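# Tertiary structure, described
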Amino acid sequence: MERVLILCAMTLGPACAAAHPHVFVDTELRVQVDGNGMLTGVELVWEYDDLYSLLLFEDMGLDPDGDGRLNPEEEARLAGFDMNWIEGYEGDLYLRTDQESIVLGPPQPRETTVVNARIRTVHYRSVDPVPADAVKIRAYDPTFYTAYDLKSVTASGACSTQIKEADIDAAFALTEKLIGEMAADADEDAYPEVGEAFASTVVVSCVN
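When helices and strands are counted, the protein chain shows five helices and ten strands. The burial tally for the protein chain puts 43% of its 208 residues in the buried class. Counted over contacts in the protein chain with a minimum sequence separation of 6, partners at least 24 positions apart contribute 71%.

Below, the structure is given as structure tokens:
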């Protein structure tokens, strides 16, 4: 993600502040596949960056001694903070086959902890069973306000995963083009949704 920010500054100049992510999330995906090779859900781990974690602690009045650790009462207050999704929010996780998008179930929170002063949460999204080999998985925020950095992707059963990295140069070229087409007096909310262009793609392979 460091390379993303460097390229942003080089290619977009002053527009970079609005075009680059403001929240960074190290992400793990655990793809659940049954014995018949059907994908049934995905468990997600989100580990928020240091600054966002610190700002959230301050906003919620947590960790007053600033040691980066929470007591049980504070952990209970923090639990589920990122699970109150507004209507229409997709959870920044997208699954699709070559033919169609796959509908995911609502988030099922599983754990909220603090590791090395960073907030780490786990939740699960179920899907109606679909052949795992046919599914492509992407984690991204369409607005690119939040950047999801895939650190680990695993699959259960006799399945493996592969991460196909996004073409970052092409993504910034698209961003520069779209921003160049904007009206000079457009506000930040009008910036193009380019998050998908920066997203890596996960494919699953299963042994028959």
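The strands making up a sheet are joined through hydrogen bonds of the backbone, oriented either antiparallel or parallel. Reading across from one edge, S4-S3-S7-S10-S9 is the order of the five strands in this open sheet, with antiparallel pairing throughout. Among the strands making up the open sheet, the edge pair consists of strand S4 (101-102) and strand S9 (159-164). Pairing between S9 and strand S10 (residues 201-206): six bridges, direction antiparallel. Looking at the pairing, Lys164 lines up with Thr201 of S10.

Position of Glu74 relative to the elements: it lies in helix H4 (residues 72-78). Put simply, Glu74 is tucked away with no salt bridge, and the nearest opposite charge, on Arg77, sits 5.7 Å away. Each residue touching Glu74, except ones within four places of it in the same chain, is listed here: Leu62, Asp63, Pro64 and Arg69.

Okay, the pattern of salt bridges next. Throughout the structure, instances matching the rule amount to twelve salt bridges. Residue Asp67 pairs with Arg69 through a salt bridge whose shortest N-O separation is 3.6 Å. Note on Asp67: relative accessible area 36%, which makes it partly exposed. Taking the relative accessible area as the measure of exposure, Arg69 reaches 60% and is therefore exposed. For the salt bridge of Asp98 with Lys136, the shortest nitrogen-to-oxygen distance reads 3.4 Å. Of this pair, Asp98 sits in the loop between strand S3 (93-96) and S4 while Lys136 sits in strand S7 (residues 136-139), placing them 38 residues apart in sequence. When its relative accessible area of 61% is taken as the criterion, Asp98 is described as exposed. The class for Lys136 is partly exposed, based on a relative accessible area of 34%.

The rules behind the values
Residues numbered from 1 in each chain as written. Predicted model: local features only at pLDDT ≥ 70, side-chain atom pairs only at ≥ 80, totals over all residues. Heavy atoms only, no water. Helix = DSSP H or I, 4+ residues; strand = E, 2+ residues; numbered from the N terminus. Buried < 20%, exposed > 50% of the residue type's maximum accessible area, 1.4 Å probe, protein only. Contact = heavy atoms within 4.5 Å. Pairing = 2+ DSSP bridges. Lys, Arg positive; Asp, Glu negative; His and termini not counted. Salt bridge = Lys/Arg side-chain N within 4 Å of Asp/Glu carboxyl O.

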